[in-house]
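In case you want the letters, here they are:
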Amino acid sequence: MTIFAIGLCATVWLPSDAGNYTVIIALMICGAGFALFQTPNNRIMLTSAPRERSGAASGLLSTARLLGQSSGAALAAILISYSTSFNLGLLMYTAAGFALFSACTSAIRNRAWQVGIIS
């Protein structure tokens, strides 16, 4: 998620006359960071549930994903409505903040798992 946050910030840091390839590279960093987090996270969530509850775990995962997408879209709409002009930087920095929060939460959870606090 840290790589994803860096990619989000990189889109804001681009100059206004950036070429298509520069924008594509920044977005590729976003995509790579999200993919490096999302796939292992989904795997851990689905395999940690008992086999007989795998359908419920999948449904819960889908519900959480949709709730996150809807909440993110609503928050973006709120941020856009409160600014006098469309401010992409504010949206990207907010998303990067949430991504960094997610990275910290995941790191704490991983460390607690390694130490044996959680199973």
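Worth saying up front: this structure is predicted, and the values here are computed from it rather than measured. (Residues numbered from 1 in each chain as written. Predicted model: local features only at pLDDT ≥ 70, side-chain atom pairs only at ≥ 80, totals over all residues. Heavy atoms only, no water.)

Student: Just to check I follow, could you spell out helix α1 (residues 2-13) for this structure?
Tutor: In an α-helix there are 3.6 residues to a turn, and that puts residues three or four apart on one side. Across its 12 residues, α1 extends 16 Å between first and last C-alpha, which sits within 8% of the 16 Å expected from 1.5 Å per residue. Buried within α1 are the following residues: Phe4, Ala5, Gly7, Leu8, Cys9, Ala10 and Thr11. Elements in contact with the buried residues of α1: α2 (20-47) and α4 (88-115). (Helix = DSSP H or I, 4+ residues; strand = E, 2+ residues; numbered from the N terminus. Expected span 1.5 Å × (residues − 1). Buried < 20%, exposed > 50% of the residue type's maximum accessible area, 1.4 Å probe, protein only. Contact = heavy atoms within 4.5 Å.)

Student: What's the story with the environment of Ala73 in this structure? I'm lost.
Tutor: By secondary structure assignment, the location of Ala73 is in helix α3 (residues 54-82). Since its relative accessible area comes to 48%, Ala73 is described here as partly exposed.

Student: I keep staring at the side chain of Asn42 and nothing clicks. Help me out?
Tutor: Inspection of the secondary structure assignment puts Asn42 in helix α2. Look at Asn42 and you get buried, because its relative accessible area is 15%. Residues within four places of Asn42 in sequence aside, it is in contact with Leu61 and Arg65.

Student: I tried to follow α4 on my own but got confused; where do I start?
Tutor: Compared with an ideal rise of 1.5 Å per residue, which puts 28 residues at 40 Å, α4 spans 40 Å between its outermost C-alpha atoms and is within 8% of the ideal. All of the buried residues in α4 are Gly89, Leu91, Met92, Ala96, Ala99, Ser102, Ala103, Ser106 and Ala112. The secondary structure elements touched by the buried residues of α4 are α1, α2 and α3. Two residues or fewer past α4, Gly116 is found with a positive phi of approximately 100°.

Student: When you look at the packing of aromatic side chains in this model, what are you seeing that I'm missing?
Tutor: Remark: the centre distance and the inter-plane angle together describe each pair of aromatic rings, the angle taken between the planes. Summed over the entire model, instances satisfying the criterion amount to 1 aromatic pair. Seen in terms of ring centroids, Phe4 and Phe34 are 5.5 Å apart; in terms of plane orientation they differ by 55°. Their pairing is tilted. Linking Phe4 in helix α1 with Phe34 in helix α2, this pair joins segments that are 30 residues apart in sequence. (Phe/Tyr/Trp six-rings, centres within 6.5 Å; stacked < 30°, edge-to-face > 60°.)

Student: I'm lost on the packing of α3 against α4 in this one. Help?
Tutor: Two measures define how a pair of helices packs: the angle their axes make with one another and the distance between the axes. Two elements in contact, α3 and α4, have axes whose closest approach is 10 Å; the angle formed by their N-to-C orientations is 140°. In the crossing of α3 with α4, the sense of the turn from one axis to the other is right-handed. Taking contact as the criterion, the partners of Leu75, Ala76, Leu79 and Ile80 in α3 are, on α4, Leu90, Leu91, Thr94 and Phe98. Here the residues of the contact of α3 with α4 sort into 7 nonpolar, 1 polar and no charged. (Axes fitted to C-alpha atoms, helices over the stretch in contact; angles between N-to-C directions. Left-handed = near helix turned anticlockwise from the far one by under 90°. Nonpolar A, V, L, I, M, F, W, Y, C, P; charged D, E, K, R; others polar.)

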